[in-house]
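Inside the fold
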Amino acid sequence: MKQNFWLAAAGMALLLGMCLTACTPTTEEAAVSSQTEPETAGTVYLYGEEHANEEMIAQELEQWEELYAAGARDLFLEDGYASAQLLNRWMQAEDDALLNEHFKALQGTYGGSESYQAFYEKIKQNCPETIFHGTDIEHQYRSLGYQYLTCLAAEGKKDSPEYAQVLESIQQAKQYYSYSYAGKEAEADVYRENCMAENFMRELDALDAKKKTDVMGIYGAVHTALDGMNYEDGTVPCMANQLRQKYGERIVSKDLRSNSKDLPKETTLTIAGKTYTAIYLGEENIAAWADKAVSRKFWRVEDAYADFTAQPKTNDVLPCNGYPVPVQEGQAFALEYILKDGTTQWKYYAADGTVWQEMPSTREYAVEPSEDS
């Protein structure tokens, strides 16, 4: 529960309250103080998740309902600006058309999980005044991004700051993918991380100018480590690290994976008669859109790229943004599909530079089935 998570912060608040009680000002002093001392800014509670993990999503809903009951209304998301604004419009709508369009656009990615859809439905039911803030680049710019631009243009808002913000988010996505198309995955990831931090700061500063309140954010855990340094050279602070540098102790973060039964783990897989080390990356519920499968687990197969790509290609691709972690060219993956009849099917992909519908993607290769060793 949140009260346990933030125990240290609560203790500091209690100590501060005791100090204030012991030093109560006179009426005249209080009047002067009320005119000169700014209202204390709210706390920023960040939750780092393994994407589409039902257990973690349930924890996030519980934490948001608690904060909401205490007066919080602003929920920050690893989503694009336009995507979040369309969700805000759905919150005020009488039907679920906008929500359905949102998840249609996200199908095939972790964001399209049925668990997330249920999460939003419960928020609308239990926390109807929630305001979403999308601070990622607009990954779905060709669908949700342009859809929202069309809405604003129809309302005569092409000259509005909101319209300009959508354009900026779309441009961020185009720049990110231009790095990826050029095989510059490290540059792409650094650029995106910096955009996420800058976008978060912009939204939080705008809120601070209007009201001082607690806010909550939900992001992949790679973005929420307060001392996190992303990417291979270890020199780029992750989003939460950058936020801590600006806002100090106001930023508090929890990695929900530390409480999960499904911690990332390492195992061995025997594929085509050869044994490899495999790193567990996460699991996604796909029952809402898959014909035969209910979920799929992602494994990164170490030192398997050359072996996979030596096999025939298939016509199947999986966009890199459908994986729970950043994908770099030269990596190989095994996807374990759990079918509705209880059986398992394996598919094998390699990040070989394939681009599908303007998105960097992994290509499937016809590798022989896998067995756990």
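**Observations regarding the confidence of the model for the protein chain**
Taken residue by residue, the protein chain gives an average pLDDT of 84. The fraction at 70 or more is 84%. Contacts for the low-pLDDT stretch residues 1-38, under 50 throughout, to residues beyond four places or in other chains number 17 contacts.

**Topic: the packing of helix 6 (residues 97-105) against helix 7 (residues 114-126)**
At a closest axis distance of 11 Å, the pairing of helix 6 and helix 7 adopts a crossing angle of 155°. When the axis of helix 6 is compared with that of helix 7, the two are roughly antiparallel. Relative to helix 7, helix 6 is oriented so that their crossing is right-handed. Contact residues: Leu99, Asn100 and Phe103 in helix 6; Tyr116, Gln117, Tyr120 and Glu121 in helix 7. Here the contact of helix 6 with helix 7 is composed, by residue class, of four nonpolar, two polar and one charged.

**Details of the environment of Leu144**
Secondary-structure assignment places Leu144 in helix 8 (residues 141-154). Sequence separation between Leu144 and His102 is 42 residues, and the spatial gap between their C-alpha atoms is 7.1 Å. Sequence-distant contacts of Leu144, that is, excluding residues within four places in its chain, are made with Ala82, Ser83, Leu86, Glu101, His102, Ala105 and Glu138.

**Some words on helix 6**
Within helix 6, burial applies to Leu99, His102 and Phe103. Down the axis of helix 6, the sector holding all buried residues measures 90°, keeping them to one side. Next to the buried residues of helix 6 lie strand 2 (74-80), helix 5 (81-92), helix 7 and helix 8.

**Quick word on the sheet that holds strand 3 (residues 131-136)**
Strand order in the open sheet made by the five strands is 3-2-4-1-7, with parallel pairing throughout. This sheet does not close on itself; its edge strands, each paired only once, are strand 3 and strand 7 (251-255). If you compare each strand with its neighbour and ignore which way they point, the axes differ by 25° on average. Direction of pairing for strand 2 relative to strand 4 (residues 215-220): parallel, over a ladder of four bridges. What sits directly across from Leu77, in strand 4, is Ile218. Contacting strand 2 and strand 3, helix 5 crosses the sheet at an angle of about 170° to strand 3.

What counts, and at which threshold
- Residues numbered from 1 in each chain as written.
- Predicted model: local features only at pLDDT ≥ 70, side-chain atom pairs only at ≥ 80, totals over all residues.
- Heavy atoms only, no water.
- pLDDT = per-residue confidence, 0-100.
- Contact = heavy atoms within 4.5 Å.
- Axes fitted to C-alpha atoms, helices over the stretch in contact; angles between N-to-C directions.
- Helix = DSSP H or I, 4+ residues; strand = E, 2+ residues; numbered from the N terminus.
- Parallel < 35°, antiparallel > 145°, perpendicular 65-115°, else oblique.
- Left-handed = near helix turned anticlockwise from the far one by under 90°.
- Nonpolar A, V, L, I, M, F, W, Y, C, P; charged D, E, K, R; others polar.
- Buried < 20%, exposed > 50% of the residue type's maximum accessible area, 1.4 Å probe, protein only.
- Arc of directions from axis to C-beta.
- Pairing = 2+ DSSP bridges.

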